[in-house]
Structure formats: structure tokens, C-alpha cells
Amino acid sequence: MGSFPRSSAWICLSFMLLCTAHGFYLPGSYPHKYAVGDVLSVKVNSLTSIDTEIPFSYYSLPFCKPSEGVKDAAENIGELLMGDRIENSPYRFKMHTNESDILLCRSDPLTPETFALLKKRIDEMYQVNLILDNLPAIRYTKKDDYYLRWTGYPVGIRVGDDYYIFNHLKFTVLVHKYEETNVARVMGTGDAAEVIPAMDKSGSLPPGWMVVGFEVVPCSFKHDSESIKTLKMHDKYPVKIQCDPTTVSMSIKENQPVVFTYEVSFMESDIKWPSRWDAYLKMEGAKVHWFSILNSLMVIAFLAGIVFVILLRTVRRDLTRYEELDKEAQAQMNEELSGWKLVVSDVFRAPSNPMLLCVMVGDGVQILGMGVVTILFAALGFMSPASRGALITGMLFFYLVLGILAGYVGVRIWKTIKCGDHSGWISVSWRVACFFPGIAFLILTTLNFLLWGSHSTGAIPFSLYVVLILLWFCISVPLTLVGGFLGAKAPHIEYPVRTNQIPREIPPQKYPSWLLVLGAGTLPFGTLFIELFFIMSSIWMGRVYYVFGFLFIVMMLLVVVCAEVSLVLTYMHLCVEDWKWWWKSFFSSGSVAIYIFLYSINYLVFDLKSLSGPVSATLYLGYSLFMVVAIMLATGTVGFLSSFWFVHYLFSSVKLD
């Protein structure tokens, strides 16, 4: 989803990548300072599993509920679309106050239905996700000589025929002393009135602490449920709890209650507040990631350069030979030679289904613009992982606003194909506004019914459906119509040559031209398949994706390669007197979507082997299809526009009677 720069821009992007890797204050963001004894509230997010990819509400299992009742935390559209449901929890800490053996609650006896559901969630390896001061709980497990990092902790574990639940949590909160230097950095980006803390009477900052880390160790501890009947939430548990993560002892049984407890300790850390997300951004195989992508970029840039040079030399040689001849020699040459010069009176003949082509190109411009702008903002740090849902919200916003560009391009091409006649521009604009959103609505609604049937939090609520339809109808459609109006008023692109009334017969081809078009997608696919693995891992494996600077470069290279591939294939078709280049130029670069979909199936079979159930596989393939349609429209648009420019330039350079 994107595209990119030259020499000085590399320096800027390198700087952006360094910033992204080491953390920094986002514009308008600032650390939350807590005094000793201040209450810290832990929030809970949806239960997630890489085995099913279907999120469920935390309180769908018999966990303890807060005494004040369950309340939704502030959410944005992006969080809802991602399936996040952030709610309050009964876990309460006091800043810099270590506490142990804290009783949370004693659940009701497990009914047969609840007992069966709990066992099912344990079998499906569901993870509990907790959040403190916007930091997800992190868990470390040792493997050989190194530690693995996980976000969240498992609901429980199965040993033989018995199921054990993790009912005691050992929290470690890493804190860093609030420093005046941090405030000075914040003042550079945030709102000073909001950020600068009040001074005490001595003129210095009051002591305070910032949360810079949140770790959890889950334990399964056998509680005596009878001994705590009279105790209330947050009371002291009567017996010392020994948390040993290597053993499990609290097996769940039907009609038996479960007792939940926790402990918390605070540790001072050298981690600065701007760097507190670094632990989450240390992706597995980071070195492979960076070096593989650099290697891929160098190869593709070199290959693209060769293609471009060959093309320029070939076209320039043909033009020079043609223009050096006098008129009689040109006529004789036209009789003797075949090639692109012979289709001069047919090359701008209107394609089949011209309105559909205009609609797909208009939508492709909108999707491509959304991708470029979103990834650019993400690379600059405006859509950090700390801003949950910001990426999806930003994509939605940019897509809606860029409707004006989609309408303009779609109608301008329509007017050009019709040689200046703009009649039908309203129909083109409406179809541009409805084509891709209609496909998206169809796919997402189908998947949503599956999620609704599973009672998953990943299902888009009906109220959000209404909001999305209103956003589309009240913002995107009017802007697309405005863009269409501007496109209808703009002058059409005049063809440099006239088109005959009778179309020229296309000679028999040695090989099917569509085979070449489909094969052309392999080169653009080569520019992004390495990055695609990390993006897929981020979406389906729950890893944090943050190298948007590299993604921006890959996107830029993808655009360049798509343009060149389409341009070369268009030239090859014209050379064999095939003047039907319009749709072929679109699909020669758009065919990369086929390879991405095949890669998605490969990823499902070999990397998501544990994905269980037909519903999960259908969801995966449905979302992959949605992504592939968007990529096909964006890359196809790049190919078509570059080929159109090339054909226009080529035939306007030839001396014709």
C-alpha cells in the first residue's frame, strides 16, 4: 500500500526509522505523573487467540467484575473495527506500594455451560490482555538461554485430562522518576498549558513517578474457597500465597467456584518514558527483517533501472529511425515493417466497458492515496502502536477525504475516452463512490454474520454500521460528486492522433497476451513479499508492526515497478500490433494481487497451521480477499496511468501527416 524517494529523502527516512525504533513523544502526548499512593487502574481488552483469530469479551469468562460495574473505556472507530473492547477491571494498584496476597473475588460455582466454555477457551489457547497506563501486560518465558516476549497471559493450561486456570497474577510495575528534562522535551511537542506540572512552594517539581513497564507472571494456586467466604474484594488473603509459574495446582471442576488473587510489586527502572514501548517493538528476527528488506530493495532498484534503460533506448531508437526518414521512406517503412507505428489509428480507440475502467481507476487512486498518506503519517510517528486504533481510524479518514480525487480522476478519464463529451459524469461519479465500498460492505457483512454467530467482539456493532454508512453517504459520496464535477469541467486530454472508424484487425499472436499479463505480476510481488510476511505476522500473530519507514520505501518501489512493468508490457503489445492495451495495462500490474492471494493461502497452510475451524479459515480468507481487491485496484491504477502517459507521449512524438 504505498510508494517512494531519492537521495536526500533516504537521509530523512533513516532519521524517521531511528525515531521509530527508539521511541519519542508524539505530538500532543505526554507522560502521566503519579504521586506515591495514587491509584492505578488496570483495564482489560478482548481475549485473543492465534488459533482462532476470533476475539471475545474478557467478561465472557467467569472472571471477577469490578464492584462499580463493567464500563467501556473511551474508544475510537479504529479500535472497534479491530475488535478491541477495552473495559475497566477490579485490579487496583497504589503507586510505589507493594502489596501481596490480595483477594479479588470468589466466582460462582461453575455451571456445566461455563465449565465447558472455560475448557474450550483453554484448548483454543486464548490469551488475557491487560493494560496499565496504555501499556499492555508483557510476559517473559525462558527458552534455552534466551527469553521470549509475549503480550498477555494464557487463560489456563491443559495437563492430561485436567484443566488448570491461572487464578493468581504476580504483577511487576516498572516506574521511572519524573524528571524536568522530560518535561522540557514534552514542551517542544505538546500543549504547554496541558503539560507543564504545577510547582510546589519551594519552586521545584513535586516528586512523582511514571509507569514505564508492566509485566505479569501467571500462576495456578489452589485456594481454599471456604476460608474466604466472609472476605470482600481487595481484602488480605488469610494465607501466604507462593507464586510458582512452573507448577499448576488449581484445576477447574464443574459446580466448584474459582478464587482469584493477585500481588503487585514496583521496581525503579532506568527506562525513560519515551522508550517504554521498545520492549514491545523488538520483533523476533529483527536482523533478518532489516537486512532482507535492504537486500530486496537493492535488487529491485537495480532491476527496475535496467528495465527503464532498455525501454528508453528501444523507444528512442525506433523514434529516431522513423523521424530521420523522409515521407516516402516512412510510407515504405510502414508497408514493410510491423510494429507500434502501424496501430497509430487504433491505439486510442475506446476500450470495452470504458465506464468500469474509469470507476476502477478512480477507486484505485483513492486507495493508493490513502495508503501513501497513512503510511507517511505512520512513519512520522503520528500513528504509533501506543495510539490504539489510530492507524485504522486514519485510513478511514483519508479514504473518505480522498473521494474528491477519485471522482476527479474517474470523470476526467471518462471525458477523455469520450473525446470531450462529459455526459454521464454523474453516473461515473456515483459508481466510483459505490464500487469499492460496495465490495467492502459485501465482504465485511458476510464475515460479520460469522462473528455475530460466534458472539465475538470482532463483530462490528450495528451502531457502528450505521456510523460507517453515514460517513460514506454524508462525506465520501458528496466529495466524490464534487470531484466528478471538477473533472467534468476540466479540459479533456486530447489525443495526438486520429482514430479510424473501422478498427484494424489484430494479427494472430504466438502466445496468449493474457498469459503475459498474468505473469507480469511476479516482479511487483518480488518487491514486497518479504515485507508482506511481517505485515501478515503483525495482523495474524499478534506482533506489533512499526517499521513504517521501510514500508513506505517498499510501497514507493512497488509503485515504480508497477509503472515500469505495465509500460513494458504495453510497448510489447503495441509492437505486435495489439492495440487493445487499456485493460491489459491495468491488469499487468494489478495481477500482483493474484500472487498476494496465493501467498496468503500459503501463509494459512504453512504458518497458521494451528488455525482451527472453518469459521476462522473463512474469516482469514475473507479479510485476505478484501485486502487483495484493494491492492489490485491500487496497483492496476498505477499501471494504467503510467501506460496512458507513455502511449500519449510515444504517439505525440511521431511526425504524422
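Residues numbered from 1 in each chain as written. Predicted model: local features only at pLDDT ≥ 70, side-chain atom pairs only at ≥ 80, totals over all residues. Heavy atoms only, no water.

Asks: Mind showing me how you'd approach the nonpolar core here?
Replies: Nonpolar side chains in soluble globular proteins tend to end up buried together. In this structure, Phe 640 and Phe 651 are the most contacted members of the largest nonpolar core, which totals 89 residues. Ignoring any residue separated from it by four or fewer positions in sequence, one finds Phe 640 in contact with Leu 357, Val 361, Ile 413, Ser 566, Trp 581, Trp 582, Ser 585 and Phe 586. The next biggest cluster of nonpolar side chains, apart from the first, holds 57 residues, and it includes Cys 105, Leu 132, Ala 137 and Ile 443. (Core = buried A, V, L, I, M, F, W, Y, C linked by side-chain atoms within 4.5 Å. Buried < 20%, exposed > 50% of the residue type's maximum accessible area, 1.4 Å probe, protein only. Contact = heavy atoms within 4.5 Å.)

Asks: Hey, could you run me through empty space enclosed by the protein in this one?
Replies: Rolled over the atoms, a probe sized like a water molecule indicates the empty space that remains. Enumeration according to the criterion identifies two cavities of 30 Å³ or more in this entry. Its boundaries defined by the atoms lining it, the second largest cavity holds a volume of some 30 Å³. Forming the walls of the second largest cavity are Tyr 58, Phe 63, Tyr 91, Tyr 153, Phe 166, Asn 167, His 168, Leu 169 and Phe 260. Looking at the lining of the second largest cavity, its residues break down into seven nonpolar, two polar and no charged. (1 Å grid on protein atoms, 1.4 Å probe; cavity = no way out; pocket = protein on both sides within 12 Å on 5 of 7 lines; lining within 4 Å. Points joined across faces, edges and corners; volume = space filled by probe spheres on them. Nonpolar A, V, L, I, M, F, W, Y, C, P; charged D, E, K, R; others polar.)

Asks: Please explain the side chain of Asp 133 as it appears in this structure.
Replies: Following the sequence through the fold, Asp 133 ends up in the loop between strand E5 (130–132) and strand E6 (135–136). We classify Asp 133 as buried; its relative accessible area is 18%. The residues touching Asp 133, leaving out its near neighbours within four places in the chain, are His 32, Tyr 34, Val 211 and Arg 276. (Helix = DSSP H or I, 4+ residues; strand = E, 2+ residues; numbered from the N terminus.)

Asks: I'm lost on the packing of helix H15 (residues 522–540) against helix H16 (residues 548–575) in this one. Help?
Replies: Put simply, H15 and H16 touch, their axes get as near as 8 Å, and they point 155° apart. Relative to H16, the element H15 is oriented roughly antiparallel. The handedness of the crossing between H15 and H16 comes out as left-handed. In contact with Leu 523, Pro 524, Thr 527, Leu 528, Glu 531 and Ile 535 of H15, H16 contributes Leu 551, Val 554, Leu 558, Val 561, Cys 562 and Val 565. Split into classes, the residues belonging to the contact of H15 with H16 amount to ten nonpolar, one polar and one charged. (Axes fitted to C-alpha atoms, helices over the stretch in contact; angles between N-to-C directions. Parallel < 35°, antiparallel > 145°, perpendicular 65-115°, else oblique. Left-handed = near helix turned anticlockwise from the far one by under 90°.)

Asks: What is the right way to look at the environment of Val 39 in this model?
Replies: Tracing the chain through its elements places Val 39 in strand E1 (residues 39–44). For the pair formed by Val 39 and Phe 93, sequence separation is 54 residues and the distance between their alpha carbons is 5.7 Å. Apart from the residues within four sequence positions on either side, Val 39 is in contact with Tyr 34, Arg 92 and Phe 93.

Asks: So what exactly am I meant to see when it comes to the pattern of salt bridges here?
Replies: Close approach of charged atoms allows side chains of opposite charge to pair. Summed over all chains, the structure comprises six salt bridges. Here Arg 92 and Glu 68 are joined by a salt bridge, their closest N and O atoms 2.5 Å apart. Taken together, the positions of Arg 92 in strand E2 (residues 87–94) and Glu 68 in the loop between E1 and helix H2 (77–82) put the pair 24 residues apart, joining distant regions of the chain. A relative accessible area of 22% means that Arg 92 is categorised as partly exposed. Residue Glu 68 is classed as partly exposed on the basis of its relative accessible area of 39%. Note that Glu 226 is salt-bridged to Lys 229, the shortest N-O span being 3.1 Å. Connected through salt bridges with shared partners, the residues Arg 106, Glu 226 and Lys 229 form a single ionic network. (Salt bridge = Lys/Arg side-chain N within 4 Å of Asp/Glu carboxyl O.)

Asks: Is there a simple way to think about the confidence of the model for the protein chain in this case?
Replies: Low-pLDDT portions of the prediction should not be read for the details of their coordinates. On average, residues of the protein chain score 81 in pLDDT, and 82% of them reach the 70 mark or higher. pLDDT under 50 marks residues 1–28. Its contacts with residues more than four places away, or in other chains, come to 64 contacts. In the model, residues 181–203 has pLDDT below 50 throughout and makes 31 contacts with residues more than four positions away in sequence or in other chains. (pLDDT = per-residue confidence, 0-100.)

Asks: I would appreciate a short explanation of the packing of aromatic side chains in the present structure.
Replies: Aromatic ring pairs are described here by two measures, namely the spacing of the ring centres and the angle between the planes. Applying the stated criterion to the full structure yields 38 aromatic pairs. Ring centres 6.3 Å apart and planes at 45° place the aromatic pair Trp 540 and Tyr 623 in the tilted group. One end of the pair, Trp 540, is in helix H15; the other, Tyr 623, is in helix H19 (residues 614–652), and 83 residues separate them in sequence. Residue class for Trp 540 comes out buried when judged on its relative accessible area of 8%. Aromatic ring contacts, followed pair by pair, group Tyr 91, Phe 93, Phe 171, Phe 214 and Tyr 262 into a single cluster. Over the ring of Tyr 126 we find Arg 121, and its NZ or CZ is 5.3 Å from the ring centre. (Phe/Tyr/Trp six-rings, centres within 6.5 Å; stacked < 30°, edge-to-face > 60°. Lys NZ or Arg CZ within 6 Å of the ring centre and 35° of its normal.)

Asks: Any chance you could explain the state of the cysteines here in plain terms?
Replies: Chemically, a disulfide is nothing more than a covalent bond linking the sulfur atoms of two cysteines. Enumeration according to the criterion identifies two disulfides in this entry. Covalently, Cys 64 is tied to Cys 105 through a disulfide, its sulfur atoms 1.9 Å apart. The S-S bond linking Cys 64 to Cys 105 shows a torsion near -85°; that makes this disulfide left-handed. Remark: Cys 105 occurs in strand E3 (residues 99–106) and Cys 64 occurs in the loop between E1 and H2; sequence separation between them is 41 residues. When its relative accessible area of 3% is taken as the criterion, Cys 64 is described as buried. By relative accessible area, Cys 105 is classed as buried at 18%. Paired by a disulfide, Cys 219 and Cys 243 hold their sulfur atoms 1.7 Å apart. Between Cys 219 and Cys 243 the sulfur-sulfur dihedral comes to about 60°; the bridge is accordingly right-handed. Taken together, the positions of Cys 219 in strand E13 (residues 209–219) and Cys 243 in the loop between E13 and strand E14 (259–268) put the pair 24 residues apart, joining distant regions of the chain. Note on accessibility: Cys 219 and Cys 243 belong to one class, buried. For the protein chain, the bonded cysteines connect in the pattern 1-2, 3-4 when numbered consecutively along the sequence. (Disulfide = S-S within 2.5 Å.)

Asks: I would appreciate a short explanation of the packing of helix H9 (residues 354–379) against helix H10 (residues 390–401) in the present structure.
Replies: For any two helices packed against each other, the geometry comes down to the angle between their axes and how far apart the axes lie. Viewed as axis vectors pointing N to C, H9 and H10 meet at an angle of 140°, and their least axial separation amounts to 9 Å. Between H9 and H10, the interaxial angle falls into the category oblique. Seen from above, H9 lies across H10 with right-handed handedness. Between H9, through Asp 363, Gln 366, Ile 367, Met 370, Val 373, Thr 374, Phe 377 and Ala 378, and H10, the contact on the second element is made entirely by Leu 391, Gly 394, Met 395, Phe 398 and Tyr 399.

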